[in-house]
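Structure at a glance
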Amino acid sequence: MLTLHGVRKTFYDPGRGPVPAVDGITASAHGGVVAVVGANGAGKSTLLRLIATLLVPDEGRITVAGLDVTKDPEGVRRHLGYLSTTTRLYPRLTGRELLRHIGGCYGLEGAALTEALDRQVVNFALAGFLDQRLEGCSTGQLQRINLARTLIADPPVLILDEPTTGLDLVASAQVVDAVRAARKTERLILLCTHHLTEVEACADRLWLLRDGKLAWDGAPADLGTGAGLDAAVRAHLGLNSP
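It should be emphasised that the depicted structure is a prediction, and the values quoted were computed from it without experimental measurement.

A few words on the packing of helix α3 (residues 95-105) against helix α4 (residues 110-123). Geometrically, a packed helix pair is captured by the angle between its two axes and the distance between the axes. Closest axis-to-axis distance for the α3/α4 pair is 10 Å, and the angle between their directions is 130°. It follows that α3 is oblique to α4 by the angle criterion. When you trace α3 past α4, the crossing you get is right-handed. Residues Arg96, Leu99, Arg100, Gly103 and Gly104 of α3 pack against Leu113, Thr114 and Leu117 of α4. Here the residues of the contact of α3 with α4 are counted per class, giving 3 nonpolar, 3 polar and 2 charged.

See the structure below:
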């Protein structure tokens, strides 16, 4: 489903010069939930943006569903749904209008589009504000619409970059439940999160990034030493216990 081979991406900082954000990552994943974890600046969002074709790698190769992200970015986009903390929605549209528009972009129409929309309305409890203009929605409501947008076409690859940002406890639990439900299907979900409780609840696998490199790739349970996932991750990153 996803392969990365020697992937590098460097940015230029006026004060520091070249800064490698992703530094030679090689990995592959074929299904389930892969949690992408690391400190701020570790390269998590850059890696996900490279996979989503929003950035072009300086070196290396990435394929999604057998398609090269550099050679066939449009083909890759047809196979994935992408959500990040910077994703913006059309403020003058209602939630219903936006979801119908995005579904149409994926080729959904007629009864198939209506069924897909209705499914997301139930999944994320959108009925109370579905016909409200997005400019009048709260942060949590917008994030729930955004998640519905990401899932509406049922893509085989989902990239979720901090999907519970701005959500209250109930909405966050709904997101985790949606990820766990999607996990049961034949798809790959890349979940970037700072909340290790979400990793423990959802993830089959953990990619731990440090300074742009893949410092750990394996089952979350295999990282620990009996002290719990939080302590194990902090130890692996060289952090002191709180």
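So much for the structure itself; the text now carries on.
The subject of this paragraph is the sheet that holds strand β5 (residues 67-68). Spatially, 4 strands are ordered β2-β1-β4-β5 in an open sheet, and the strand pairing comes out antiparallel. Two strands close off the open sheet at either side, each with one partner strand: β2 (17-29) and β5. As paired elements, strand β4 (residues 59-64) and β5 share 2 bridges and run antiparallel to each other. Bridge pairing in β5 places Val64 opposite Leu67. Strand contacts of helix α1 (residues 44-51): β1 (2-13), β2 and β4, with the helix running at about 120° to β1, the strand carrying the most contacts.

Scanning the model with the defined rule gives 1 cavity of 30 Å³ or more in all. The volume enclosed by the largest cavity comes to roughly 50 Å³. In terms of lining residues, the largest cavity is bounded by Phe124, Leu147, Leu151, Leu158, Leu160, Val175, Ala178, Val179, Ala182 and Ile189. Elements represented by at least two residues in the lining of the largest cavity include exactly α5 (139-151), β7 (157-161) and α6 (169-183).

What follows concerns the pattern of salt bridges. For the coordinates displayed, the defined rule picks out 10 salt bridges. Two residues, Asp23 and Lys213, come together in a salt bridge whose shortest N-O distance is 2.9 Å. You can see Asp23 sitting in strand β2 and its partner Lys213 sitting in strand β10 (residues 213-218), a full 190 residues away along the chain. Judged by relative accessible area, which is 18%, Asp23 ranks as buried. Look at Lys213 and you get partly exposed, because its relative accessible area is 44%. The residue Asp68 makes a salt bridge to Arg61 at a minimum N-O spacing of 2.9 Å. On the accessibility criterion, Arg61 (44% relative accessible area) is partly exposed. Among the charged side chains, a network of salt bridges with common partners joins Arg8, Asp23, Glu59 and Lys213.

Calculation notes
Residues numbered from 1 in each chain as written. Predicted model: local features only at pLDDT ≥ 70, side-chain atom pairs only at ≥ 80, totals over all residues. Heavy atoms only, no water. Axes fitted to C-alpha atoms, helices over the stretch in contact; angles between N-to-C directions. Helix = DSSP H or I, 4+ residues; strand = E, 2+ residues; numbered from the N terminus. Parallel < 35°, antiparallel > 145°, perpendicular 65-115°, else oblique. Left-handed = near helix turned anticlockwise from the far one by under 90°. Contact = heavy atoms within 4.5 Å. Nonpolar A, V, L, I, M, F, W, Y, C, P; charged D, E, K, R; others polar. Pairing = 2+ DSSP bridges. 1 Å grid on protein atoms, 1.4 Å probe; cavity = no way out; pocket = protein on both sides within 12 Å on 5 of 7 lines; lining within 4 Å. Points joined across faces, edges and corners; volume = space filled by probe spheres on them. Salt bridge = Lys/Arg side-chain N within 4 Å of Asp/Glu carboxyl O. Buried < 20%, exposed > 50% of the residue type's maximum accessible area, 1.4 Å probe, protein only.

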